[in-house]
Amino acid sequence: PSIPQQTTKEHHTQIMKVHTQASQEYQVVTGAVGGDVKLWDLRHLKASVQTIDAGCKKPTTAIAIHDYSPIFACGTQSLKINISNFSGETMSSIAYHHSGWMHHSSWTGSRMSVRCLAFHPLKPWLAAGDTDSLISLYRSEDDRKRAIIG
């Protein structure tokens, strides 16, 4: 189709991510530079169903939404990645300090200024690309423990 069925505007900054979740037939998730993430019901696009503050300082430079879990990640120019759920709770944060990447909560890896993020569709892994041409893989602490035990 070449003509939009419906157009709406709620974000006040540039939209960087539009994602349809494989696990939710009628749900679309959008994320904007201003750090807001919105959930939409495709059957009722006049207004978003929910707005979530991604917890990232502005400007947000990258957003990833998981296909099957109600989580998303956002990265910023302030050298930070937040992983949050659709309730708006920050589950984990990864931040850069002068001595290297400092990891908080349950994810581990390394990073610089975040430019792109992607979740593995089936595993609790997050890949990130940065301005220094580095790619890093973050794994949840639970996944790392299972790998050591198993």
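What you see is a predicted model, and the numbers here were worked out from it, not measured in a lab.

A separate point is the overall build of the chain. Across its full length, the chain holds one helix and 13 strands. Across the chain, helices and strands are ordered from the amino to the carboxyl terminus as β-β-β-β-β-β-β-β-β-β-β-β-β-α. Summarising the internal contacts of the chain: among those between residues at least 6 apart in sequence, 37% fall at separations of at least 24.

All right, on to the nonpolar core then. Judged by nonpolar contacts, the single largest core of 13 residues is most densely connected at Ala73, Ile81, Ile83, Leu117, Phe119, Leu126 and Tyr138. Mapped onto this core, the elements with two or more residues apiece are strand 5 (60–65), strand 6 (71–76), strand 7 (80–85), strand 11 (114–119) and strand 12 (125–130). Cys56, Ile65, Phe72 and Phe86 belong to the second-largest nonpolar core, a separate cluster that totals 11 residues.

Moving on, we come to the side chain of Gln21. On the secondary structure map, Gln21 appears in the loop between strand 1 (15–20) and strand 2 (27–32). Reaching out from Gln21, the side chain makes a polar contact with the backbone oxygen of His66 at a distance of 2.9 Å.

A few words now on the environment of Gly129. Within the element layout of this structure, Gly129 appears in strand 12. A relative accessible area of 8% means that Gly129 is categorised as buried. In this structure, the C-alpha to C-alpha distance between Gly129 and Ser113, residues 16 residues apart in sequence, is 8.4 Å.

Before going further, it helps to examine the sheet that holds strand 4 (residues 50–53). Ordered in space as 1-2-3-4, the four strands form an open sheet in which the pairing is antiparallel. The open sheet is flanked by strand 1 and strand 4, the only strands paired with a single partner. When strand polarity is set aside, the average angle formed by the axes of neighbouring strands in this sheet is 20°. With five bridges connecting them, strand 2 and strand 3 (residues 36–41) associate as antiparallel partners. Among the inter-strand pairings, Thr30 is bridged to a residue of strand 3, identified as Lys38.

Parameters at a glance
Residues numbered from 1 in each chain as written. Predicted model: local features only at pLDDT ≥ 70, side-chain atom pairs only at ≥ 80, totals over all residues. Heavy atoms only, no water. Helix = DSSP H or I, 4+ residues; strand = E, 2+ residues; numbered from the N terminus. Contact = heavy atoms within 4.5 Å. Core = buried A, V, L, I, M, F, W, Y, C linked by side-chain atoms within 4.5 Å. Buried < 20%, exposed > 50% of the residue type's maximum accessible area, 1.4 Å probe, protein only. Polar contact = N/O pair within 3.5 Å; in protein donor to acceptor, adjacent residues only side chain to side chain. Pairing = 2+ DSSP bridges. Axes fitted to C-alpha atoms, helices over the stretch in contact; angles between N-to-C directions.

Spatial relationships are all this shows, so hold off on functional conclusions.
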